[in-house]
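# Survey of secondary and tertiary structure
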Amino acid sequence: MRTYVITGGTDGMGRGLGLHFLARGDRAIAVGTNPAKGRAFLAEAERLGAAERAGFLRADLSTLAGMQAVVAEVEQTADRLDGLVFATQRFQPKREETPDGFEHTFALAYLSRFVIGHALTGLLDRAEAPVVLNLAGPGGMPGTIHWDDLQLRDGYTGMRAAMQASRCNDLLGVDFPRRHPRSRARYVLYNPLFVKTGMADPLPQPQRMVTKAMSWLLAQRVEQAVPPMAGLMDDPPAERVSAFKRAKPLPLTGKDFDPDAADRLHRLTTGLLDR
Ligand SMILES: NC(=O)c1ccc[n+]([C@@H]2O[C@H](COP(=O)([O-])OP(=O)(O)OC[C@H]3O[C@@H](n4cnc5c(N)ncnc54)[C@H](OP(=O)(O)O)[C@@H]3O)[C@@H](O)[C@H]2O)c1
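Residues numbered from 1 in each chain as written. Predicted model: local features only at pLDDT ≥ 70, side-chain atom pairs only at ≥ 80, totals over all residues. Heavy atoms only, no water.

When two helices pack together, their arrangement is given by the angle between the helix axes and the distance between those axes. For the pair helix 6 (residues 158–179) and helix 9 (residues 259–273), interaxial distance at closest approach is 8 Å and the crossing angle is 90°. Relative to helix 9, helix 6 is oriented roughly perpendicular. Along its contact with helix 6, which presents C168, L171, V174, D175, R178 and R179, the element helix 9 presents P259, A261, A262, D263, L265 and H266. (Axes fitted to C-alpha atoms, helices over the stretch in contact; angles between N-to-C directions. Helix = DSSP H or I, 4+ residues; strand = E, 2+ residues; numbered from the N terminus. Parallel < 35°, antiparallel > 145°, perpendicular 65-115°, else oblique. Contact = heavy atoms within 4.5 Å.)

If you want it as structure tokens, here you go:
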């Protein structure tokens, strides 16, 4: 039986992946903030006959305390980790700061993956073929890292924050082997493109209506999106890091995957965490 931890596992693709793993006999722990969604995940697990193998961890991953609580809880309850999935998101139309003083999207969509991914590498390395799946947007919409204003104090837009987090995740993946040279974990960056989830719910009108309408017309259903992602986790490329836009492998070249930029971001991030 394999063990998976899925941040953002209570909804959308994270939930779909968790139920997929439970249905085939594995153990899945979903992390999210909403207790009702957590209960619904556990109820669905019970329906699948997987109540004993399912877990819900309530944690706010926009806060350092929430990230650390997840790391501590997983370390206490799992003796190894076969898969770690990063699938949290919450679109922030207006700039918000977390209690730790970080811009919310930076904290939730990037920093939580940095903190949890690095902290749980030891546990991943106890598994036979460990995989990290980071759901973001490699090779997708353009976005820039605002090196001199990572917290986006000037000129904030929700889209700018989301795209910056996506580029930060590209670099987080590229940088992973440098930080864990002896780790056996494969790091897969994955862009699912357009998938029908609750993603549009926090958008202001009329963008919410437009995005939902486009989603009905163009987006994949979660049940369609999950099998290829699970397949990649079962059989990842041999390379330590890889990136995909759905089935299409992406070359790890160009500025999105620049190793020097990855090193710079790592140093800046550890500096922010050490403040
Ligand atoms: N959907 C798409 O078309 C699309 C396209 C490209 C990339 N992606 C990426 O794919 C991933 C999954 O997207 P999705 O659309 O499936 O997501 P989703 O349905 O919107 O679900 C988001 C998940 O994040 C959790 N979450 C939000 N705020 C949180 C917080 N503060 N602390 C802990 N958990 C929190 C939510 O749980 P609670 O509500 O319980 O807090 C939920 O489980 C994301 O990383 C996204 O960027 C999605």
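That was the structure; now back to the text.
So, about the layout of surface pockets. Of the pockets and cavities examined, the second largest pocket occupies roughly 160 Å³. Taken together, G12, R15, G16, L19, H20, V222, E223 and V226 make up the full set of residues lining the second largest pocket. At the level of secondary structure, the elements contributing two or more residues to the lining of the second largest pocket comprise helix 1 (12–23) and helix 8 (222–234). Considering every element that reaches the lining of the second largest pocket, the biggest residue donor is helix 1, with 5 residues. When grouped by side-chain class, the residues that make up the lining of the second largest pocket number 3 nonpolar, 3 polar and 2 charged. (1 Å grid on protein atoms, 1.4 Å probe; cavity = no way out; pocket = protein on both sides within 12 Å on 5 of 7 lines; lining within 4 Å. Points joined across faces, edges and corners; volume = space filled by probe spheres on them. Nonpolar A, V, L, I, M, F, W, Y, C, P; charged D, E, K, R; others polar.)

What follows deals with the site of the ligand. As a structural note, the neighbourhood of the ligand is formed by 29 residues, with T33, K37, R90, L193 and T197 the closest of them. Taking T88, its main chain carries an N or O atom lying 3.4 Å from an oxygen atom of the ligand. Notes on the ligand: free accessible area 900 Å², of which the protein chains cover 92%. Elements represented by at least two residues in the shell around the ligand include exactly helix 1 and helix 4 (104–119). Residues of the shell around the ligand, tallied by class, amount to 12 nonpolar, 12 polar and 5 charged. (Near = heavy atom within 4 Å. Polar contact = N/O pair within 3.5 Å; in protein donor to acceptor, adjacent residues only side chain to side chain. Areas by Shrake-Rupley, 256 points an atom, 1.4 Å probe, with all protein chains shown as cover.)

Moving on, we come to the nonpolar core. Formed by 46 residues in total, the largest nonpolar core has its most connected members in V74, L84 and I116. Contact partners of V74, with chain neighbours within four places excluded, come to V5, L57, L81, L120 and L123. (Core = buried A, V, L, I, M, F, W, Y, C linked by side-chain atoms within 4.5 Å. Buried < 20%, exposed > 50% of the residue type's maximum accessible area, 1.4 Å probe, protein only.)

Another aspect to go through is the pairing of strand 5 (residues 131–135). Of all 5 residues in strand 5, 5 are buried, a share of seventy percent or more. Judged from the 5 bridges that link them, strand 5 and strand 6 (residues 186–191) form a sheet pairing that is parallel. Looking at the pairing, V132 lines up with Y187 of strand 6. Following the chain from strand 5 across helix 6 to the adjacent parallel strand 6, one finds a crossover that is right-handed. (Pairing = 2+ DSSP bridges. Right-handed = clockwise from strand over helix to strand, strands pointing away.)

The next point concerns helix 1. Residue pairs spaced three or four apart in an α-helix point in one direction, given the helix's 3.6 residues per turn. Taking 1.5 Å per residue, 12 residues should reach 16 Å; helix 1 reaches 17 Å between its end C-alpha atoms and fits that length. Of all 12 residues making up helix 1, 9 are buried, and the element is well covered by its neighbours. Three or more residues of helix 1 are buried, namely G12, M13, G14, G16, L17, G18, L19, F21 and L22. G25 sits one or two positions beyond helix 1 and adopts a positive phi of about 105°. (Expected span 1.5 Å × (residues − 1).)

Attention now goes to the pattern of salt bridges. One pass over the structure, following the stated rule, counts 16 salt bridges. Measuring nitrogen to oxygen at the nearest pair gives 3.1 Å for the salt bridge that ties D175 to R178. In this pair, D175 and R178 both sit in helix 6, 3 residues apart, roughly one turn of the helix. By relative accessible area, which is 3% here, D175 ends up buried. Its salt-bridge partner being R179, residue D263 comes within 2.6 Å of it at the nearest N-O pair. With a gap of 84 residues between them, D263 in helix 9 and R179 in helix 6 connect regions that are remote in the sequence. Overall, R179 belongs to the partly exposed group, its relative accessible area being 27%. A cluster of three or more residues bridged by salt bridges with shared partners is formed by D175, R178, R179, D263 and R267. (Salt bridge = Lys/Arg side-chain N within 4 Å of Asp/Glu carboxyl O.)

What follows is about the sheet that holds strand 7 (residues 241–245). The strand order across the open sheet formed by 8 strands is 3-2-1-4-5-6-7-8, and the pairing between neighbours is mixed. Two strands lie at the open edges of the sheet, namely strand 3 (54–58) and strand 8 (248–249), each paired on one side alone. Examined bridge by bridge, strand 4 (residues 83–86) and strand 5 share 4 bridges and lie parallel to one another. Looking across to strand 5, one finds that L84 is bridged to V132. Along the sheet face, helix 1 touches strand 1 (3–7), strand 2 (27–32), strand 3, strand 4 and strand 5 and points at about 165° away from the line of strand 1.

Below, the discussion takes up the packing of helix 1 against helix 2 (residues 35–47). One can describe the packing of helix 1 onto helix 2 by two numbers: an axis separation of 10 Å at closest approach and a directional angle of 25°. As the angle between them shows, helix 1 and helix 2 are arranged roughly parallel. Between helix 1 and helix 2 the crossing geometry is right-handed. Touching R15, G18, L19 and L22 of helix 1 are A40, F41, E44 and A45, all from helix 2. Across the contact of helix 1 with helix 2, the residue classes tally to 5 nonpolar, 1 polar and 2 charged. (Left-handed = near helix turned anticlockwise from the far one by under 90°.)

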